[in-house]
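Chain residues, written in single-letter form:
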Amino acid sequence: MKISPSDGQNLKMIVRQVFSLLIVAIGVYAKAQKATDTVRDSFLIDPAIILIVVGVVMFFITFCGCIGALRENIHLLKTFSFSLTLVFLTQLAIAILGFFYSDQTRDALGRFVKKAIVHYRDDLDLQNLMDYIQKEFKCCGWNNYTNWSWNLYFNCSQLNPSTERCAVPFSCCTPVPGESVINTMCGFGVQTQKYLEAAKSIYPVGCADRAVMWIESHLLLVGALALGLALPQIAGIVLSQILISQIQNEINSML
């Protein structure tokens, strides 16, 4: 009796393969659209590179699972199971380390955000990412709005000839009711102001504190997302092991 996975399971694998290829395509397109990429220091935090890497890993795993199941290839199925287990354990380790070493995790994220701030004007993807984060979390900088002095253009030193000296990006600004056109100069000179004065025109709180507040107030959502990521991976590992066992039993019965 020939063993084959259900059509529904195969369809899911194919959909995941197409989705992973789409992620790779978007990443490659985003990378190709950049005229020059001289900022090597921002390579690892480039959203386009992250998309490409995630897409390639997803495609490799789903390819092994799909072809392994269709062809009843034990080696591909074992590769699929091992890769999925490795990804799951990596995510679990990151979550555990992030929980027990929260200070070190915050420092690591701080270094990531600092690089994003430093290269804000050099990489359009990083610029859009930082603007999105600051708008969504209603924050400015990592610890506070003066962190934007890390950027060459916004640096508040007297020797800085930039017209944006002591400014912050417009994504830090609080929206003005009834304003239809965004004032991109709303953050000019804000770094010279005290906290209470700056709070009248921008979000003075750093994104680090806002992120912690968001997680604490959305624990149920965070837990649901974590469970939603974990369950399909666990199901994939278990089902692949069952299929491997069935194939091996069939081979042994034929010997």
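Each remark here, short or long, concerns the structure printed above.
What counts and what doesn't
- Residues take numbers from 1 onward in each chain, read along the sequence in its written order.
- Totals for whole chains, interfaces and linings use every residue, but because this is a predicted model, local features are given only for residues with pLDDT of at least 70 and side-chain atom pairs only at 80 or more, for both listing and counting.
- With hydrogens and water excluded, all non-hydrogen atoms of the structure serve as input to the side-chain values.
- Patches were defined on residues exceeding 30% relative accessible area and lacking a salt bridge, with like-charge contacts within 9 Å and nonpolar side-chain contacts (Val, Leu, Ile, Met, Phe, Trp, Tyr) within 5 Å.
- To be clear on the numbers: accessible area is Shrake-Rupley with a 1.4 Å probe, and residue cover counts the displayed protein chains and nothing else.
- Definition used for salt bridges: Asp or Glu carboxyl oxygen within 4 Å of a side-chain nitrogen of Lys or Arg.
- Each helix is a run of DSSP H or I of at least 4 residues and each strand a run of E of at least 2, with the numbering of both proceeding from the N terminus.
- Any residue under 20% of the maximum accessible area for its type is buried, any over 50% is exposed, and the rest in between are partly exposed; the area is computed with a 1.4 Å probe on protein chains only.
- Between the N-to-C directions of two axes lies an angle of 0 to 180 degrees, each axis being a line fitted to C-alpha atoms and, for a helix, fitted only over the stretch in contact.
- The scheme is simple: roughly parallel for angles under 35 degrees, roughly antiparallel for over 145, roughly perpendicular for 65 to 115, oblique for anything else.
- By the definition used in this description, the sense in which the near helix is turned from the far one sets the handedness, with an anticlockwise turn below a right angle giving left-handed and a clockwise turn giving right-handed.
- In what follows, a contact means two residues having at least one pair of non-hydrogen atoms within 4.5 Å.
- Following the grouping adopted for this structure description, the nonpolar residues are Ala, Val, Leu, Ile, Met, Phe, Trp, Tyr, Cys and Pro, the charged ones are Asp, Glu, Lys and Arg, and the polar ones are all others, Gly among them.
- Ring pairs are drawn from Phe, Tyr and Trp, using the six-membered ring of Trp, whenever the two centres fall within 6.5 Å, and their geometry is named by plane angle: stacked under 30 degrees, edge-to-face over 60, tilted for the rest.

Draft legend 1. The arrangement of a nonpolar patch on the surface in detail. Taken together, the side chains of Leu 89, Leu 92, Ile 96, Leu 97, Phe 99, Phe 100 and Tyr 101 make up a nonpolar region of the molecular surface, amounting to roughly 770 Å² of accessible area. The topology assignment puts Phe 99 in helix α3 (residues 74–100). Using a relative accessible area of 65% as the deciding quantity, one classes Phe 99 as exposed.

Draft legend 2. Representation of unusual backbone geometry. Residues other than glycine seldom take positive phi values, yet Glu 72 does so here, at roughly 55°. If you trace the backbone, Glu 72 turns up in the loop between α2 (47–71) and α3. On the basis of relative accessible area, Glu 72 is assigned to the buried category, the value being 17%. For Lys 138, which is not glycine, the phi torsion reads 55° and is therefore positive. Mapped onto the elements, Lys 138 comes out in the loop between α5 (124–137) and α6 (195–198).

Draft legend 3. Spatial organisation of the packing of α3 against helix α8 (residues 219–254). Contact pair α3 / α8: the axes reach a minimum separation of 9 Å and the direction vectors enclose 155°. Taken together, the axes of α3 and α8 lie roughly antiparallel to each other. Two packed elements cross with a definite hand, and for α3 against α8 that hand is left-handed. In this structure, α3 contributes Ile 74, Leu 77, Lys 78, Phe 80, Ser 81, Leu 84, Thr 85, Val 87, Phe 88 and Gln 91 to the contact, and α8 contributes Ala 230, Gln 233, Ile 234, Gly 236, Ile 237, Ser 240, Gln 241, Leu 243, Ile 244, Ile 247, Gln 248 and Ile 251. Residues of the contact of α3 with α8, tallied by class, amount to 13 nonpolar, eight polar and one charged.

Draft legend 4. Region of the structure containing the pattern of salt bridges. If you walk through the whole model with that rule in mind, you get two salt bridges. Among the salt bridges present, the one from Asp 209 reaches Arg 106, with a minimum N-O distance of 3.2 Å. Of this pair, Asp 209 sits in helix α7 (residues 207–217) while Arg 106 is found in helix α4 (residues 102–118), placing the two residues 103 residues apart along the sequence. A salt bridge links Glu 164 to Arg 121, with the shortest nitrogen-to-oxygen separation between them at 2.5 Å. One end of the pair, Glu 164, is in the loop between α5 and α6; the other, Arg 121, is in the loop between α4 and α5, and 43 residues separate them in sequence.

Draft legend 5. How the structure looks around the packing of aromatic side chains. What the rule picks out here adds up to five aromatic pairs. With 6.1 Å between their ring centres and 50° between their planes, Tyr 120 and Phe 154 make a pair best called tilted. You can see Tyr 120 sitting in the loop between α4 and α5 and its partner Phe 154 sitting in the loop between α5 and α6, a full 34 residues away along the chain. The same class applies to Tyr 120 and to Phe 154, which are both buried. Measuring from centroid to centroid gives 6.2 Å for Phe 137 and Trp 214, while their planes differ by 75°, and the two rings are edge-to-face. One end of the pair, Phe 137, is in helix α5; the other, Trp 214, is in helix α7, and 77 residues separate them in sequence. Assessed through its relative accessible area of 27%, Phe 137 is described here as partly exposed. Judged by relative accessible area, which is 32%, Trp 214 ranks as partly exposed. Among the aromatic residues, those joined into a ring-pair cluster are Tyr 120, Trp 148 and Phe 154.

Keep in mind these numbers describe shape, not what the thing actually does.
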